[in-house]
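What follows is each chain in one-letter form.
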Protein chains: 2
Amino acid sequence: MFDTVGTSSILDPLDAWGRLRSRGVGRLAVSDNGNPDIFPINYLASADQILIRTAPGTKLTKLMLNESVALETDHYDAEAAWSVVVKGTARHLTDEESIRAARESPLWSWMPRSTDAFVVITPTEVTGRTFAGH
Amino acid sequence: MFDTVGTSSILDPLDAWGRLRSRGVGRLAVSDNGNPDIFPINYLASADQILIRTAPGTKLTKLMLNESVALETDHYDAEAAWSVVVKGTARHLTDEESIRAARESPLWSWMPRSTDAFVVITPTEVTGRTFAGH
């Protein structure tokens, strides 16, 4: 699948963004006192940012803030695979208007909870690769 | 899918190991000068360690070594999801016998390359969670 040894090619940035937006499940890598940690997450990628919903007070919430983060999403089948990685910074949404908009976004409508916190990742780098099948 | 807000439960460690061994695709989180980075990888989990093949001289190879790593694998469908996270340390295989065994392992038999390097992750912690469907 993700053959880091064999043939792979770099995606055009617009293509990488498009694939990122086409998916809603990824994994978020964060730093826990310098040690990597990784969490599966649901996300919603819009034009220039990525929205994540989380429960306040969880380990993920703590690790995500004031830290660089990396988010990966991918897709693979028997013939080919691709992966997009976003690097960026995370911040809590704190203003009412943004929180309301996040609550009404398509990602979260199926399970609204009044206590949820929303975190926005602002990308500094989005890269994608395709991997040849075998 | 990975509803970090809703119901989730912790997997028994043996169950987590079993699920880890049942999969061969994951994502590896590493630290790049304190900043998280993440790579999709193929792996082979055996009784007590995880084998990864990589090309010498790549960024992943450099970041993986002398560092803590975290590897995640998961599975989800419309009804439920689970995720297993391994934390551990990575080291290059350097002795002939181990390299030969790695080369003959089922993970790599479909695309042998004489220049591949093998990295073994020795887990210090394996945790798993299930997530309720919705």
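Use the structure listed above.
Before going into details, it helps to say that this report is about the structure given with it. Every residue gets a number counted from 1 within its own chain, in the order that chain's sequence is written. Chains and ligands are labelled sequentially in the order written, the chains with letters from A and the ligands with numbers from 1. Reporting of local features is limited, given that this is a predicted model, to residues whose pLDDT is at least 70; pairs of side-chain atoms are given and counted only at 80 or more, and all residues count toward the totals for whole chains, interfaces and linings. To get the side-chain values, take all heavy atoms of the structure and skip hydrogens and water.

### Quick look at unusual backbone geometry
Residues and elements named next belong to chain A.
And then number 1: The phi angle at asparagine 33 is positive, at roughly 55 degrees, despite the residue not being glycine.
And then number 2: The secondary structure listing takes helices from DSSP runs of H or I that are at least 4 residues long and strands from runs of E that are at least 2 residues long, numbered from the N terminus. When you line up the elements, asparagine 33 lands in the loop between strand E2 (25-32) and strand E3 (35-42).
And then number 3: Since its relative accessible area comes to 76%, asparagine 33 is described here as exposed. Three labels apply to residues, based on accessible area from a 1.4 Å probe with only protein chains included: buried if under 20% of the type maximum, exposed if over 50%, partly exposed otherwise in between.

### Some details on the side chain of Lys87(B)
And then number 1: Here Lys87(B) is to be found in strand E7 (residues 81-92).
And then number 2: Lys87(B) gets classed as buried once you look at its relative accessible area, which sits at 16%.
And then number 3: A distance of 2.9 Å separates a polar atom in the side chain of Lys87(B) from a polar atom in the side chain of Asp37(A). N or O atoms within 3.5 Å of each other form a polar contact, as long as, within protein, one can give a hydrogen and the other can take it, and as long as residues adjacent in sequence are counted only when both atoms are side-chain atoms.

### Some points on the pairing of E3(A)
All names here are of chain A.
And then number 1: Among the eight residues of E3, seven are classified as buried, and the element is accordingly described as predominantly covered.
And then number 2: By definition, two strands form a pair when at least two bridges between them are found by DSSP. As paired elements, E2 and E3 share eight bridges and run antiparallel to each other. Residue pairing for E3: valine 30 is matched across the bridge by aspartate 37.
And then number 3: Connecting E2 to the next strand, E3, in antiparallel fashion are two residues, including asparagine 33 with a positive phi near 55 degrees.

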